[in-house]
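An overview of the molecular structure
Each chain, written out:
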Amino acid sequence: MNIEKLEGRTFFMKLRKHFVVLAVLALFSLVVILQEEETKAGVYFEPYLSDNFDGPGLNAEKWQEVNDTSDNINFFEKAGTLRYDNIAGAEETIITSNPLTIGNDVTGYSVQFDFLYKTDDWGDWYGFAFDKTAVEKGLPWSQSGYLFGRNTSLQVQNANDVTSVDPNSDNIAAYAEMTPTLGSISNQNVTFKFVYTKATKELEMYYDLAGENADLTTLRNTFTFNDLTDQGEYHFAIVGSGKGLFEVDNMKIDIIKDQDTENYLDTDFETATLPEQLTLVSPDSFSFGPAKSLTLTNLEAGAKLLTANSFTVDENVNQSLDLSYDIQLTDLTDSGSVGFVYGLSDTTKVLTDEGVTYIYLKNKTVGEGEAAVTSTYVGAVQGDGTQVVQVLNETDLGVNLVGDEPFKMDIKFYAYNEAVVTIAEQDYSFIGGDASGYFGFTAEGTSSAMIDNFKSMVYKYDDQSNNKDLYNNFNTGYVNPEDWEIDNYRDLKPGTEIPMFPSAQGIYVDEGKLIFDVASESAGFFTKQSFSDFEMRFTLTDFDQPVTQPNEDGELDGIEVPATTYVAVSMGYTDIAQNPWNVASVIFQNRDNAAQLYSLNMNDSSVKILNPALQLNSDENDGATWEFKIIAQGGTVKVWMKRATDPQALFEGAPLHTFYNVDHFGRIAIASSIAGSFKIDDLSIVRTDDSLQRPVIEDEVDPASTTTTTEQTTTTTEETTTTTEATQVDDDSEENGISALTIVGIIIASLAVGGGVGFTLTKFKK
């Protein structure tokens with residue numbers, strides 16, 4: 001045997017093995033390169049800095065005074081109130097420390113208070129609860145004994161509770177029906193008086209605009225809480241949503257007995273001590289005592305109130321910061337100005353320093369004598385290192401804003417240093433300096449102003465690449481606990497631990513569907529992971545058709561089962577303890593024999609009446625399958641809904657509605673109305689990306705001037721003939737590019753037989 005030839009063969013066999021190993025590694029690398037998932041990035045926003053300036057002094061964790069040696073940055077005290085002012089709160093609660101119904105001689109109680117509801121968004125809410133059995137946060141959802149309020153109405157939400165006003169319309173008591181001259185309580189100071197009687201379970205309601213002439217003797221409505229008992233030990237509570245902010249003042253509570261009346265509480269909140277008869281379940285969400293405003297009075301040159309910490313713009317977002325505040329101009333001459341300053345790289349910077357931008361208000365008087373007209377102007381300047389340069393020309397607002405009334409200013413910051421100032425719903429945009437740095441308030445010359453209720457939201461980039469898209473058609477009955485969570489919370493019968501409908505199954509999976517069977521309003525089907533930007537789709541069948549059928553009287557477990565009125569898609573959950581009333585929610589609703597769309601916590605105050613063809617439980621749509629599509633991206637939420645038999649093109653056209661400035665970052669859930677019944681299928685939640693992927697643009701070639709030969713597209717060796725199959729890209733690969741498996745398969749096959757392979761890729765797309 002020829003030893004040299006044997007050694008040579010052994011060497012090449014080993015070499016081929018190494019090549020195979022290398023080829024496998026190449027396969028892995030190419031698969032990673034070619035199959036790499038694109039980043040599904042999103043944008044979300046969250047509260048940044050808020051202050052109502054009602055603390056005992058300046059909050060050093062939020063602000064710092066700069067060059068204010070004369071102490072002209074100060075505070076002005078106003079009347080005392082109890083204020084719910086946490087814009088990131090949820091179901092924050094003021095509650096009586098003790099029950100008001102204890103004692104055999106106690107027949108009831110009365111509660112009177114001034115209530116200033118500080119929002120005009122119908123999606124926000126408040127609640128007056130007369131059935132709280134413990135000092136705890138939140139409304140007792142779906143139970144008997146509370147009023148759910150919006151700016152235009154009050155409503156009982158338990159099937160056994162009724163109202164004497166408009167009892168046939170979902171037990172909604174509209175303010176416009178009870179008091180035609182007061183159709184909304186938004187930004188109105190209203191005095192409420194409620195009188196509860198234990199024996200009849202009735203609650204009488206009186207109300208009017210607060211003041212000396214308030215009519216508290218005309219009965220506006222009577223609510224009956226049929227599930228309360230005369231032995232129940234009930235607290236009274238006021239509850240608010242995350243943005244349904246309010247102030248309470250002049251609260252008086254009397255306990256009514258057989259022979260006399262005992263005063264429980266009488267307070268005007270003028271002291272900084274909370275009466276012991278009241279408990280704030282989350283004290284940090286409230287302030288009380290004299291309300292305050294920040295005051296700027298004839299500041300000396302260079303004096304400013306700046307943030308304690310520097311702000312940094314996230315370069316990956318379009319809008320970076322959104323802020324608002326109330327301002328009251330108390331003195332403003334032609335030589336003075338007051339306003340907002342930003343872009344200070346450190347606290348020593350002044351208005352002429354490069355990049356520092358000052359948005360200001362000033363007064364100008366045009367004309368002389370009796371013809372003189374004084375108006376307030378808005379303008380902005382930016383420092384260039386030596387002087388200030390006008391970047392927003394001084395613009396007449398058409399009114400002199402100096403006076404006793406505050407007004408709101410909104411400022412939004414965008415990419416390319418664009419800023420938009422909004423006053424009285426009018427926008428003024430300009431290009432200023434970078435928003436990064438310290439920001440705050442300053443003034444020049446003779447000028448005085450009060451600042452209050454400062455709020456800001458910061459926008460952030462979210463890299464969702466570590467998350468995954470979620471799908472489930474429920475065919476196997478398996479729900480991956482790493483992806484999904486069923487919260488089968490069950491409404492309880494008042495004063496007990498017994499479920500309202502114990503024989504119903506709530507939320508479960510069966511027969512290839514996610515089933516809601518007389519489910520609780522606080523229950524839901526949740527994602528485990530959070531999403532920022534996403535597209536969600538699902539189908540719905542058997543709306544208002546419970547699997548567990550009520551008896552012929554419409555009762556289940558002795559209680560009448562209310563009709564299913566809506567399906568909700570909620571987003572922005574941080575945990576499942578929340579419910580749709582506390583996060584951004586889209587509600588597809590059947591109410592008042594009409595198809596409706598409304599929202600919660602989405603900065604949209606209207607109820608949308610949809611095409612009658614979209615009514616979920618109409619006779620025409622009996623047995624229909626419904627399809628839903630929701631796209632949430634960068635604070636904008638778009639909503640589609642159609643029947644499965646409707647053209648697919650409806651999902652490619654304009655949405656039913658678009659919501660703006662929505663905080664949709666967080667977990668996602670499907671929920672229902674009280675005792676909700678329907679079936680969900682083909683659920684998908686896919687991450688989206690707001691960036692445009694670059695298309696592959698190939699060279700254009702004139703066919704008449706090009707000749708393709710075998711020599712141009714193949715390479716031959718003494719040991720290999722390259723076939724057409726090795727040189728062409730399959731037509732099916734036009735979209736995704738040549739397969740990494742195909743390339744490496746050719747390499748491995750060739751190396752395995754001891755040869756080489758030559759080929760040219762004519763097209764290669766990623």
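Only a predicted model underlies this, so the values are computations on that prediction, with no experimental measurement involved.

Let us look at the overall build of the chain. Helices and strands together make up the secondary structure of the chain, namely five helices and 46 strands. In the chain, which comprises 766 residues, the proportion classed as buried is 50%. Across the chain, every contact between residues at least 6 apart in sequence was considered, and the portion connecting residues at least 24 apart equals 69%.

For the rest of this paragraph, the subject is the nonpolar core. Here is a general trend for soluble globular proteins: nonpolar side chains tend to be buried in one another's company. Formed by 47 residues in total, the largest nonpolar core has its most connected members in Phe113, Phe115, Phe128, Phe192 and Val248. Of the residues forming this core, the biggest block, six residues, is contributed by strand β5 (residues 106–117). For Phe192, the residues in contact, after removing those within four places along its chain, are Val111, Gln112, Phe113, Phe115, Phe128, Tyr175, Ile185, Met205, Tyr206 and Tyr207.

A word on the sheet that holds strand β39 (residues 584–591). If you walk across this open sheet you meet the seven strands as β31-β34-β45-β38-β39-β40-β41, and the pairing is antiparallel. The sheet terminates laterally at β31 (484–487) and β41 (608–609), the two strands that pair on one side only.

This paragraph deals with the confidence of the model for the chain. For the chain, the mean per-residue pLDDT works out to 84, and 83% of the residues sit at or above 70. Throughout residues 708–744 the model reports pLDDT below 50, and contacts reaching past four residues in sequence, or to other chains, amount to 41 contacts.

With respect to the secondary-structure elements, Glu627 resides in strand β42 (residues 626–633). For Glu627, a relative accessible area of 18% gives the class buried. With residues near it in sequence (within four places) discarded, Glu627 still touches Phe538, Thr539, Trp640, Met641, Lys642, Arg643, Ala644, Gln648 and Phe651.

Two side chains with opposite charge may pair up if their charged atoms get near one another. If you walk through the whole model with that rule in mind, you get 20 salt bridges. Of the charged contacts, one joins Glu394 and Lys362 as a salt bridge, the two residues approaching to 3.9 Å between their closest N and O atoms. Here Glu394 is found in strand β24 (residues 388–396), whereas its partner Lys362 is found in strand β22 (residues 357–366), with 32 residues between them in sequence. For Glu394, a relative accessible area of 25% gives the class partly exposed. The exposure class assigned to Lys362 is buried, which follows from its relative accessible area of 16%. Salt-bridge contacts for Arg643 lead to Asp646; the nearest nitrogen and oxygen are separated by 3.2 Å. Among the ionic contacts, a cluster of salt bridges with common partners joins Lys362, Lys364 and Glu394.

On the basis of which strands lie adjacent, the open sheet formed by seven strands has the order β2-β19-β28-β21-β22-β23-β24 and antiparallel pairing. One side of each edge strand has no neighbouring strand; the edge strands of this open sheet are β2 (63–66) and β24. Neighbouring strand axes in the sheet, compared pairwise and without regard to direction, differ in orientation by 25° on average. Where β22 and strand β23 (residues 373–383) come together, ten bridges link them in antiparallel fashion. The residue of β23 that forms the bridge with Tyr360 is Gly379.

Phi is positive for Asp544, which is not a glycine, with a value near 60°. By the secondary structure assignment, Asp544 is in the loop between β35 (534–541) and β36 (555–556). Residue class for Asp544 comes out partly exposed when judged on its relative accessible area of 21%. The phi dihedral of Ala675 falls on the positive side, at around 55°, and the residue is not glycine. Secondary-structure assignment places Ala675 in the loop between β45 (667–672) and β46 (676–687).

Let's shift gears to the environment of Pro56. Tracing the backbone shows Pro56 in the loop between β1 (41–47) and β2. Since its relative accessible area comes to 89%, Pro56 is described here as exposed. In this structure, the C-alpha to C-alpha distance between Pro56 and Ala272, residues 216 residues apart in sequence, is 9.1 Å.

Under the definition given, this model contains 55 aromatic pairs. Here Trp484 and Phe525 contribute two aromatic rings whose centre-to-centre distance is 5.0 Å and whose plane-to-plane angle is 20°, an arrangement assigned as stacked. Residue Trp484 is found in strand β31, and its partner Phe525 is found in strand β34 (residues 524–527); the two are separated by 41 residues along the sequence. A relative accessible area of 5% means that Trp484 is categorised as buried. We classify Phe525 as buried; its relative accessible area is 2%. Sitting over the ring of Trp640, Lys629 keeps its end group 4.4 Å from the ring centre. The ring of Phe651 is capped by Lys642, whose NZ or CZ atom sits 5.3 Å from the centre of that ring.

This part is about the pairing of strand β14 (residues 235–240). Counting buried residues in β14 gives six out of six residues, a clear majority hidden from the surface. Here β14 shows a buried face lined by His235, Ala237 and Val239 and a second buried face lined by Phe236, Ile238 and Gly240. Here four bridges tie strand β4 (residues 92–96) to β14, and the two strands are oriented antiparallel to one another. Directly across from Ile94, in β14, lies its bridge partner Ile238.

On the surface, a cluster of negative charge is contributed by Glu552, Asp553, Glu555 and Glu560. In this structure Glu560 comes out as partly exposed when scored by relative accessible area, which is 45%.

A word on the environment of Phe665. Of note, Phe665 is situated in the loop between β44 (657–659) and β45. The residues contacting Phe665, other than those within four sequence positions of it, are Tyr44, Asp462, Ser530, Phe531, Ser532 and Gly572.

With respect to the helices, strands and loops of the structure, Gln188 is situated in the loop between α2 (175–178) and β11 (189–197). Owing to a relative accessible area of 29%, Gln188 belongs among the partly exposed residues under this scheme. A sequence separation of 71 residues divides Gln188 from Tyr117, and the C-alpha atoms of the two residues are 6.4 Å apart. Not counting residues within four places of it along the chain, the set of residues in contact with Gln188 comprises Phe115, Leu116, Tyr117, Leu182 and Leu209.

On to the pairing of strand β15 (residues 246–257). With three bridges joining them, strand β3 (residues 73–84) and β15 adopt antiparallel strand pairing. Looking across to β15, one finds that Tyr84 is bridged to Phe246. Across ten bridges, the pairing between β5 and β15 is antiparallel. What sits directly across from Gln112, in β15, is Lys252. As judged from the six bridges shared by β15 and strand β16 (residues 261–267), these two strands associate in the antiparallel manner. Within the sheet, the bridge partner assigned to Lys252 lies in β16 and is Asp266. As consecutive antiparallel partners, β15 and β16 are separated by three residues.

Conventions and cut-offs
- Residues numbered from 1 in each chain as written.
- Predicted model: local features only at pLDDT ≥ 70, side-chain atom pairs only at ≥ 80, totals over all residues.
- Heavy atoms only, no water.
- Helix = DSSP H or I, 4+ residues; strand = E, 2+ residues; numbered from the N terminus.
- Buried < 20%, exposed > 50% of the residue type's maximum accessible area, 1.4 Å probe, protein only.
- Contact = heavy atoms within 4.5 Å.
- Core = buried A, V, L, I, M, F, W, Y, C linked by side-chain atoms within 4.5 Å.
- Pairing = 2+ DSSP bridges.
- pLDDT = per-residue confidence, 0-100.
- Salt bridge = Lys/Arg side-chain N within 4 Å of Asp/Glu carboxyl O.
- Axes fitted to C-alpha atoms, helices over the stretch in contact; angles between N-to-C directions.
- Phe/Tyr/Trp six-rings, centres within 6.5 Å; stacked < 30°, edge-to-face > 60°.
- Lys NZ or Arg CZ within 6 Å of the ring centre and 35° of its normal.
- Patch = residues over 30% accessible without salt bridge, like charges linked within 9 Å, V, L, I, M, F, W, Y side chains within 5 Å.
- Areas by Shrake-Rupley, 256 points an atom, 1.4 Å probe, with all protein chains shown as cover.
- Lys, Arg positive; Asp, Glu negative; His and termini not counted.
- Charge placed at Lys NZ, Arg CZ, Asp CG, Glu CD.

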